[in-house]
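Examination of the molecular architecture
What follows is each chain in one-letter form.
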Amino acid sequence: MEQNPEYIFTSYLNPNSNAGFETEDVSGAAESVQAISNQTEFSELDAIKNGNVYYIDNFLVGGGGLNPIGAAYLGKLLHPEEFEEIKPDELLREYLAFYSTETEPKGVFLYPFLEEQV
């Protein structure tokens, strides 16, 4: 609280929710973001005031082969001008094409989505 973060990231989901490859329903991720955003104790934080609270799926930051893709998503969010050329969704598609027959990323990996995802 004293450091007043510009961004807050969570990978917490209600135990009855899904994200990642498991669903395309954003309600669980949205619920996690809202739970943080609606905390009165956090209302004066820059991250809350500026709408910079994000759900990022554990697949992207928790280990395994998707970590570099998670880093690309985080770089794009935190430093968009420096990562202008990086396309995290394209990296995810390449990963899926290499490791499976599924080439279109389906699931909830980041919420709210990057503008390029909309």
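Calculation notes
Residues numbered from 1 in each chain as written. Predicted model: local features only at pLDDT ≥ 70, side-chain atom pairs only at ≥ 80, totals over all residues. Heavy atoms only, no water. Patch = residues over 30% accessible without salt bridge, like charges linked within 9 Å, V, L, I, M, F, W, Y side chains within 5 Å. Areas by Shrake-Rupley, 256 points an atom, 1.4 Å probe, with all protein chains shown as cover. Salt bridge = Lys/Arg side-chain N within 4 Å of Asp/Glu carboxyl O. Lys, Arg positive; Asp, Glu negative; His and termini not counted. Charge placed at Lys NZ, Arg CZ, Asp CG, Glu CD. Helix = DSSP H or I, 4+ residues; strand = E, 2+ residues; numbered from the N terminus. Buried < 20%, exposed > 50% of the residue type's maximum accessible area, 1.4 Å probe, protein only. Contact = heavy atoms within 4.5 Å. Polar contact = N/O pair within 3.5 Å; in protein donor to acceptor, adjacent residues only side chain to side chain.

Let us now look at a negative patch on the surface. Residues Glu81, Glu82, Glu84 and Glu85 make up a contiguous surface patch of negative charge. One can find Glu82 in the loop between helix H4 (67-78) and helix H5 (88-99). With a relative accessible area of 61%, Glu82 lands in the exposed category.

Okay, unusual backbone geometry next. In the segment running from Tyr111 into Pro112, the intervening peptide bond is cis, with an omega of -10°. In this structure, Pro112 sits in the segment after strand E3 (110-111). Even without being a glycine, Asn4 presents a positive backbone phi close to 50°.

By the element assignment, Ile48 lies in helix H2 (residues 46-49). Taking relative accessible area as the criterion, Ile48 reaches 17% and is therefore assigned buried. Separated by 39 residues in the primary sequence, Ile48 and Phe9 place their C-alpha atoms 11 Å from one another. Not counting residues within four places of it along the chain, the set of residues in contact with Ile48 comprises Ile8, Ile36, Ser37, Phe42, Ser43 and Val53.

What follows concerns the side chain of Asp89. Its place among the elements puts Asp89 in helix H5. Summary of buried charges: Asp89 has no salt-bridge partner, and the nearest side chain of opposite charge, Arg93, is 5.1 Å away. Among the polar contacts made by the side chain of Asp89, one reaches the side chain of Tyr73 at a distance of 2.5 Å.

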